[in-house]
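One-letter residues, chain by chain:
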Amino acid sequence: MKQISRTQLKKAVIAAEAERISSLSVSRPDFGQSAKLASNARAAEKLGTRFLKAAGMDAAKLQAIAAGREAEQTRMIEKHKADALKRAARQQKTLRATLIAQSEALAQSVAGDFFPYPSFNLDTPFLIWSTPLLDIDSAAIPFGSSAKFRLATSQYQGVQKVGFYFYWANPFQDYAVINAATFMSANGHLRAHAPWTIGVNTSEVTATAQLGLSFGWPRPGTYQETEGVYLGGTGAFAQTFIGGDSNATTISAGVSLNRTMFAVPPREVVVFEVALLVDYKNDDGNIEVDFAKGSFNITCPVVVFSILNSPPQLRKKGRLDTC
């Protein structure tokens, strides 16, 4: 088998992720890019304003009431976020201790005879990456890898991913059929805002955890992922006579992810991707995703996998060297 270069593998993963995420982020037409639709929206707002005036309603006063409502919502959301930060800070030591205990338990199980099949652990990702590229603060350390990031955008729609990437090179001359398991913790805050306008205005954002595997140098057609585990989401819905809307939710979750019966070809590389996927849509609003402030972050301490078949070269259980 050719010598594995981590640098080449990182480049391959980054290129493949960029191609794959671009296909995920085009799930609906981007009406926000249409100058004609924008012109129609402005014309509708003017017509609506004239209608309100003709009906005897003070449009300026209605707008002022809507602004007051949005200000109060913003105040409540900021308080909600501050409370969430305090809880995350209090829980940080407990969460860290729990993650360490879970990681050590998995490592001990692999080293011992707990699993019925030869089993191994990957405790340090070779890459922590965001797609599209985002400023992240990450640490790749044994049984304690983490990442912090924040996303704030009014873009019409998009998919943002932050992932931990592990790999194993199959040293055998036979297929290795594997079951893989991992867990991710996520502590953060999601906010959606839809400002007041004539008509209906919406904004929404969700967060999902996923485990994906690909064999060989990552390329189209080799990637398989689990069904996403929903972590949380929020949305805002604004209307003419209600005003603008803002909403938020706190994410504080630990989830287990697994993939079964994945066949790794002889002398090939399998890449394990443990990722947080953020999906958002805005009409004329904006969203904020905060996994960076204070004790907010996402973590992925370890990936464990078992070899279900018995390649002739496999003699004993143990921890494989992943270069």
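Owing to the predicted nature of the structure, the values given are computational and were not obtained by experimental measurement.

Quick word on the overall build of the protein chain
The number of helices and strands found in the protein chain is three helices and 14 strands. In the protein chain, which comprises 323 residues, the proportion classed as buried is 46%. Considering only contacts in the protein chain between residues 6 or more positions apart, those separated by 24 or more positions represent 84%. Summed over all atoms, the accessible surface of the protein chain reaches about 16,000 Å², with 54% contributed by carbon and sulfur.

Brief notes about the nonpolar core
The biggest cluster of nonpolar side chains holds 48 residues, and the ones touching the most others in it are W168, I178 and F272. Per-element tally for this core: the top contributor is strand 6 (residues 176-194), with eight residues.

A look at the side chain of N187
Topologically, N187 is positioned in strand 6. Its relative accessible area of 7% is what places N187 among the buried residues. A distance of 2.9 Å separates the side chain of N187 from the side chain of S252, its partner in a polar contact.

Quick word on the pattern of salt bridges
On inspection of all chains with the given rule, the structure shows five salt bridges. As a salt-bridge pair, R150 and E288 come within 2.9 Å of each other at their nearest N and O atoms. Pair noted here: R150 is in strand 4 (residues 146-153) and E288 is in strand 12 (residues 286-291), with a separation of 138 residues, a long-range link. Accessibility expressed as a relative area gives 44% for R150, which makes it partly exposed. Put simply, R191 and E288 hold a salt bridge, and the shortest N to O gap is 4.0 Å.

Examining the environment of S203
Residue placement: S203 occurs in strand 7 (residues 201-215). In sequence terms S203 and Y156 are 47 residues apart; their C-alpha atoms lie 9.0 Å from each other.

Side note on the packing of aromatic side chains
Within this structure, the stated rule accounts for five aromatic pairs. When the ring of F120 is compared with that of F305, the centres are 5.5 Å apart and the planes differ by 40°; the resulting orientation is tilted. With F120 in strand 1 (residues 119-122) and F305 in strand 14 (residues 303-307), this pair connects stretches of sequence that are 185 residues apart. For F120, a relative accessible area of 2% translates into the label buried. Residue F305 is classed as buried on the basis of its relative accessible area of 0%. Centre to centre, the rings of W168 and F305 are 5.0 Å apart; their planes meet at 45°, and the pair counts as tilted. With W168 in strand 5 (residues 157-169) and F305 in strand 14, this residue pair connects regions lying 137 residues apart in the sequence. A relative accessible area of 1% places W168 in the buried class.

Considerations on a negative patch on the surface
On the surface, a cluster of negative charge is contributed by E204, D279, D283 and D284. Summarising the element assignment, D284 is placed in the loop between strand 11 (269-282) and strand 12.

Things to note about the environment of I307
One can find I307 in strand 14. Taking the C-alpha atoms as reference points, I307 and F120, separated by 187 residues in sequence, lie 8.6 Å from one another.

Examining the pairing of strand 7
Extensive coverage of strand 7 is indicated by the burial of 11 of its 15 residues. Pairing analysis gives nine bridges linking strand 7 to strand 9 (residues 229-238), with the strands arranged antiparallel. Across the sheet, residue V205 finds its bridge partner in strand 9, namely T234. As paired strands, strand 7 and strand 11 are joined by 13 bridges and run antiparallel to one another. Bridge pairing in strand 11 links S214 to V271.

Criteria and thresholds
- Residues numbered from 1 in each chain as written.
- Predicted model: local features only at pLDDT ≥ 70, side-chain atom pairs only at ≥ 80, totals over all residues.
- Heavy atoms only, no water.
- Helix = DSSP H or I, 4+ residues; strand = E, 2+ residues; numbered from the N terminus.
- Buried < 20%, exposed > 50% of the residue type's maximum accessible area, 1.4 Å probe, protein only.
- Contact = heavy atoms within 4.5 Å.
- Areas by Shrake-Rupley, 256 points an atom, 1.4 Å probe, with all protein chains shown as cover.
- Core = buried A, V, L, I, M, F, W, Y, C linked by side-chain atoms within 4.5 Å.
- Polar contact = N/O pair within 3.5 Å; in protein donor to acceptor, adjacent residues only side chain to side chain.
- Salt bridge = Lys/Arg side-chain N within 4 Å of Asp/Glu carboxyl O.
- Phe/Tyr/Trp six-rings, centres within 6.5 Å; stacked < 30°, edge-to-face > 60°.
- Patch = residues over 30% accessible without salt bridge, like charges linked within 9 Å, V, L, I, M, F, W, Y side chains within 5 Å.
- Lys, Arg positive; Asp, Glu negative; His and termini not counted.
- Charge placed at Lys NZ, Arg CZ, Asp CG, Glu CD.
- Pairing = 2+ DSSP bridges.

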